[in-house]
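Okay, here's what each chain looks like letter by letter:
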Amino acid sequence: MWELAWELRKGAFTKAKRRGTAFREAQVKLRTLGRTGFEISTVSFGAWAIGGTWGQVDDSESLAALHKALDLGVNFFDTADVYGDGHSERLLARLRRERKDPFWITTKAGRRSSPHVPDQYHYENLRGWVERSLKNLETDAIDLLQLHCPPTDVYYRPDVFGALDRLVKEGKIRHYGVSVERVEEALKAIEFPGVESVQLIFNLLRRRPADLLFQRALEKRVGILARLPLSSGLLAGKLTANTKFANDDHRNFNRKGEAFDRGETFSGIDYQVGLEIVEELRRLVPEGMTLAELALRWILDHEAVTCAIPGAKRPTQVVENARAADLPPLPPELHRALEKLYDERVRGLVHQLW
Ligand SMILES: NC(=O)c1ccc[n+]([C@@H]2O[C@H](COP(=O)([O-])OP(=O)(O)OC[C@H]3O[C@@H](n4cnc5c(N)ncnc54)[C@H](OP(=O)(O)O)[C@@H]3O)[C@@H](O)[C@H]2O)c1
């Protein structure tokens, strides 16, 4: 029944599909990012993969993907100083040179430190990392700087947030937020009044942020950036047991957290188990929709989420992902079916881990 209801609600979009004009290019919608005043695209762009650690990438294809994103109204790009050692930031600087369209870039700092310990998060280091990003991004001020999954203790050090306030005063950064691994880190971080955004993993296989954090974020008007919206590509439904990942693709070398937090690759779900769950999810995808669209639209159905930041390497992926922003909310029956599947297959595996 809900499939029919959804068909009726999405109206013209479905008809266009039936007429064979299926893959018209949607223009993404906007939401306000916390208290920043930035009106950003609900489906934005994650620029990790175009920088590195995801196998071979071709800069001309990456740039084509970035241009396509702007064409579709995507106006917010998430990168980090360590993605390809600045390569991702430099590609975004090039995009800025090549296009007049206004857009925002958020980058991250902290992961250049070695060892990666709380003591590294002091003003001088932060200032140095920011200066380097400013150079890569060819700009005078960073729109939004995020701490890049720092150790938990950093959230118990007010001086770190004082240093970020100082960088705002100096005009080096316009706003700041945090990218976190755990829900509790986010809850602690948003106690600092200067924190305007939280980035964390939120997808069909990682639902705990919706339990408490989202309500608190809404109360404090903190923006939420949902990363890994496709669970490293798993939720796009195109990976199989035979998919070969390159040696330098983290989906090859970090499946059990060997190089960085286990939760960052396939959201911490065992790959084979993930494939089985995807097969069950596939059965719930309404006619006329792709699994990637369902996964992204599900995220946007949460009011607290400002945007999803799917990583895309190719223009075709950007087009598919952007379409999700143009879809109506999923019907309640479908939400319930997705929750049931999560409860039965996923909750016990990961819910309490992050
Ligand atoms: N600690 C942090 O702060 C942190 C950590 C991780 C990510 N992030 C940010 O979050 C962003 C998103 O996360 P993510 O890139 O790790 O995971 P993701 O968005 O869940 O998955 C991205 C991968 O999925 C595949 N894909 C994307 N769109 C697709 C489509 N329409 N159809 C089929 N495949 C598609 C692509 O890989 P293939 O084509 O190779 O399959 C792509 O590289 C990153 O780019 C980064 O900006 C931040």
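Residues numbered from 1 in each chain as written. Predicted model: local features only at pLDDT ≥ 70, side-chain atom pairs only at ≥ 80, totals over all residues. Heavy atoms only, no water.

## Describing the overall build of the protein
Stage number 1. Helix and strand counts for the protein stand at 13 helices and 10 strands.
Stage number 2. Against the compact-globule benchmark of 20 Å for 354 residues, the protein has a radius of gyration of 19 Å, which places it among compact chains.
Stage number 3. With the principal axes as the frame, the protein shows a C-alpha extent of 60 × 45 × 45 Å.
Stage number 4. Across the 354 residues that make up the protein, the buried fraction comes to 59%.
Stage number 5. Look at the contacts in the protein between residues 6 or more apart in sequence, and 77% of them connect residues 24 or more apart. (Helix = DSSP H or I, 4+ residues; strand = E, 2+ residues; numbered from the N terminus. Rg over C-alpha atoms; globule rule 2.2 N^0.38 Å. Buried < 20%, exposed > 50% of the residue type's maximum accessible area, 1.4 Å probe, protein only. Contact = heavy atoms within 4.5 Å.)

## Some words on the side chain of Gln 146
Stage number 1. Tracing the backbone shows Gln 146 in strand β6 (residues 142-148).
Stage number 2. Residue classification places Gln 146 among the buried positions, given a relative accessible area of 0%.
Stage number 3. Polar contacts involving the side chain of Gln 146 include one to the side chain of Asp 78, which spans 3.0 Å. (Polar contact = N/O pair within 3.5 Å; in protein donor to acceptor, adjacent residues only side chain to side chain.)

## Some remarks on helix α6 (residues 158-169)
Stage number 1. The terminal C-alpha atoms of α6 lie 17 Å apart, and with 12 residues this matches the ideal 16 Å at 1.5 Å per residue to within 8%.
Stage number 2. Within two residues after α6, Gly 171 carries a phi angle of roughly 80°, on the positive side. (Expected span 1.5 Å × (residues − 1).)

## Observations regarding the site of the ligand
Stage number 1. If you check the shell around the ligand, you find 31 residues, and the closest are Asp 78, Ser 179, Arg 251, Lys 313 and Gln 317.
Stage number 2. Here an oxygen atom of the ligand sits 2.8 Å away from a polar atom, N or O, in the main chain of Leu 230.
Stage number 3. A distance of 3.0 Å separates an oxygen atom of the ligand from a polar atom in the backbone of Ser 232.
Stage number 4. Out of a free accessible area of 890 Å², the ligand has 94% covered by protein chains. (Near = heavy atom within 4 Å. Areas by Shrake-Rupley, 256 points an atom, 1.4 Å probe, with all protein chains shown as cover.)

## Observations concerning the sheet that holds β6
Stage number 1. Spatially, β3-β4-β5-β6-β7-β8-β9-β10 is the arrangement adopted by the 8 strands of the open sheet, whose pairing is parallel. The open sheet is flanked by β3 (45-46) and β10 (305-308), the only strands paired with a single partner.
Stage number 2. Relative to strand β9 (residues 223-227), strand β8 (residues 195-201) runs parallel, the two being bridged by 5 bridges. In the sheet register, Val 198 faces β9, and the bridge partner there is Ile 224.
Stage number 3. Along the sheet, helix α8 (residues 213-220) makes contact with β8, β9 and β10, crossing β9 at roughly 140°. (Pairing = 2+ DSSP bridges. Axes fitted to C-alpha atoms, helices over the stretch in contact; angles between N-to-C directions.)

## Examining the packing of aromatic side chains
Stage number 1. Following the criterion strictly, the structure yields 12 aromatic pairs and no others.
Stage number 2. Relative to Phe 103, the ring of Phe 77 lies with its centre 5.2 Å away and its plane at 65°, an arrangement referred to as edge-to-face. Here Phe 103 lies in the loop between α4 (87-98) and β5 (104-109) and Phe 77 lies in strand β4 (residues 76-78), a separation of 26 residues in the sequence. Phe 103 carries the same exposure label as Phe 77, and that label is buried.
Stage number 3. Positioned above the aromatic ring of Tyr 342 is the side chain of Arg 207, whose terminal nitrogen or guanidinium carbon lies 5.2 Å from the ring centre.
Stage number 4. Its end group placed over the ring of Tyr 271, Arg 255 keeps NZ or CZ at 4.4 Å from the ring centre. (Phe/Tyr/Trp six-rings, centres within 6.5 Å; stacked < 30°, edge-to-face > 60°. Lys NZ or Arg CZ within 6 Å of the ring centre and 35° of its normal.)

## Let's talk about the state of the cysteines
Stage number 1. Counted by the stated rule, this structure contains 0 disulfides.
Stage number 2. Residue Cys 149 stays outside any disulfide, its sulfur separated by 16 Å from that of Cys 307, the closest cysteine.
Stage number 3. Judged by relative accessible area, Cys 149 falls into the buried class, the value being 6%.
Stage number 4. Overall, the relative accessible area of 0% leaves Cys 307 in the buried class. (Disulfide = S-S within 2.5 Å.)

## A look at the pairing of strand β7 (residues 173-179)
Stage number 1. Summarising burial for β7: 6 of the 7 residues are buried, a large majority.
Stage number 2. In the sheet, β6 pairs with β7 via 6 bridges, with the strands oriented parallel. Residue pairing across strands places Ile 142 opposite Ile 173, the latter belonging to β7.
Stage number 3. Viewed along the sheet, the connection from β6 through α6 into β7 turns out right-handed. (Right-handed = clockwise from strand over helix to strand, strands pointing away.)

## Re the packing of helix α3 (residues 59-71) against helix α12 (residues 315-323)
Two measures define how a pair of helices packs: the angle their axes make with one another and the distance between the axes.
Stage number 1. Their axes nearest at 8 Å, the elements α3 and α12 cross at an angle of 25°. In terms of their interaxial angle, α3 and α12 are classed as roughly parallel. For the pair α3 and α12, the crossing hand works out as right-handed. Here Glu 61, Ala 64, Ala 65, Lys 68 and Ala 69 of α3 come into contact with α12, specifically with Pro 315, Val 318 and Val 319.
Stage number 2. In terms of residue class, the contact of α3 with α12 is built from 6 nonpolar, no polar and 2 charged. (Parallel < 35°, antiparallel > 145°, perpendicular 65-115°, else oblique. Left-handed = near helix turned anticlockwise from the far one by under 90°. Nonpolar A, V, L, I, M, F, W, Y, C, P; charged D, E, K, R; others polar.)

## Comments concerning the pattern of salt bridges
Stage number 1. Counted according to the given criterion, the structure contains 29 salt bridges.
Stage number 2. In this structure, Glu 131 engages Arg 127 in a salt bridge whose closest nitrogen and oxygen atoms are separated by 3.1 Å. Residue Glu 131 and its partner Arg 127 are located together in helix α5 (residues 123-137), separated by 4 residues, close to a single helical turn.
Stage number 3. Taking relative accessible area as the criterion, Arg 127 reaches 27% and is therefore assigned partly exposed.
Stage number 4. The salt bridge partner of Lys 340 is Glu 344, with a shortest N-O separation of 3.1 Å. Pair noted here: Lys 340 and Glu 344 are both in helix α13 (residues 332-350), with a separation of 4 residues, about one helical turn.
Stage number 5. Several salt bridges converge on common partners, so that one network encompasses Arg 127, Glu 131, Arg 166, Glu 170 and Lys 172. (Salt bridge = Lys/Arg side-chain N within 4 Å of Asp/Glu carboxyl O.)

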